Amino acid sequence: MRLTPLALYVGFMLTACSGGGGGSSEVDAGDVAAPDASEANDDFSVVFQTTAGDFTVDVTRDWSPNGADRFGELVDAGYYDGCRFFRVVPGFMVQFGINGTPATHAMWKDSPIQDDPVVESNVRGYVSFAQTAEPNSRTTQLFINYVDNSFLDPMNFSPFGVIRSGGMDAVDALNSEYGEAPDQTQITNVGTSYLDGNFPNLDFVETARRAP
């Protein structure tokens, strides 16, 4: 049975509270730059190559300027490479963005970004940052909407990009057998070894790079 919007939201907020970004043992802390104050990006696209297929996120900065800029910084740092899609809930959304090296995650978790107004709606294919119940709490975690989740709009989840219809085939194919079982605190503290040992069939990001 599908959860009510309120139950979905409560679960979403609680899991977003417990950690930042999704898992790669291949990335060392020294390989990923710490966040800095970079200049604003123009609109851009990012190609995600994953174990379930490829998809492209088209970013429109005017929709969510702070979110778009942070996403660009994370992509340029290689942060999402190896990240597991650790929360896959058909009929709702897929969440990822806890780096599998705890030291790498730690460099970003204490640098949240300011909230943006909600310009676009959280409907199928739109991408937003996860956040806690506190204002200005977005860091590294993302979610992709599987369906019309516009009930999230008044809760300040601000989409910054969209995956066009063809790319959603890969998102739909992400392994959902573990549902919401992976524990974000364990991912944050232990890293990819926790996921590989307990949830070995999770799909993951192989690379995430700006499109030419």
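This section reports on the structure supplied with the text. Since the structure is predicted, the reported quantities are computational estimates derived from the model, not experimental observations. (Residues numbered from 1 in each chain as written. Predicted model: local features only at pLDDT ≥ 70, side-chain atom pairs only at ≥ 80, totals over all residues. Heavy atoms only, no water.)

## Overview of the environment of S158
Reasoning step 1: Relative to the helices and strands, S158 resides in the loop between strand 6 (142-145) and strand 7 (161-163).
Reasoning step 2: Taking the C-alpha atoms as reference points, S158 and V119, separated by 39 residues in sequence, lie 6.9 Å from one another.
Reasoning step 3: Sequence-distant contacts of S158, defined by excluding residues within four places in its chain, comprise W63, S64, D116, P117, V118, S128 and R138.
Reasoning step 4: Within the structure, S158 has its side chain in polar contact with the side chain of S64 (distance 3.1 Å). (Helix = DSSP H or I, 4+ residues; strand = E, 2+ residues; numbered from the N terminus. Contact = heavy atoms within 4.5 Å. Polar contact = N/O pair within 3.5 Å; in protein donor to acceptor, adjacent residues only side chain to side chain.)

## Quick word on the packing of aromatic side chains
Reasoning step 1: By the definition in use, this model includes 17 aromatic pairs.
Reasoning step 2: Between Y79 and Y80 the ring centres are 5.4 Å apart and the planes differ by 90°, which places this aromatic pair in the edge-to-face class.
Reasoning step 3: Both rings, one in Y80 and one in F96, keep their centres 5.8 Å apart while their planes meet at 65°; by these two values the pair is edge-to-face. Of this pair, Y80 sits in the loop between helix 2 (65-76) and strand 3 (87-89) while F96 sits in strand 4 (residues 93-96), placing them 16 residues apart in sequence.
Reasoning step 4: Taking the relative accessible area as the measure of exposure, F96 reaches 1% and is therefore buried.
Reasoning step 5: One Lys or Arg, R84, reaches over the ring of F204 and ends 4.5 Å from the middle of that ring.
Reasoning step 6: One cation-aromatic arrangement involves R210 over F44; the distance from NZ or CZ to the ring centre is 4.2 Å. (Phe/Tyr/Trp six-rings, centres within 6.5 Å; stacked < 30°, edge-to-face > 60°. Buried < 20%, exposed > 50% of the residue type's maximum accessible area, 1.4 Å probe, protein only. Lys NZ or Arg CZ within 6 Å of the ring centre and 35° of its normal.)

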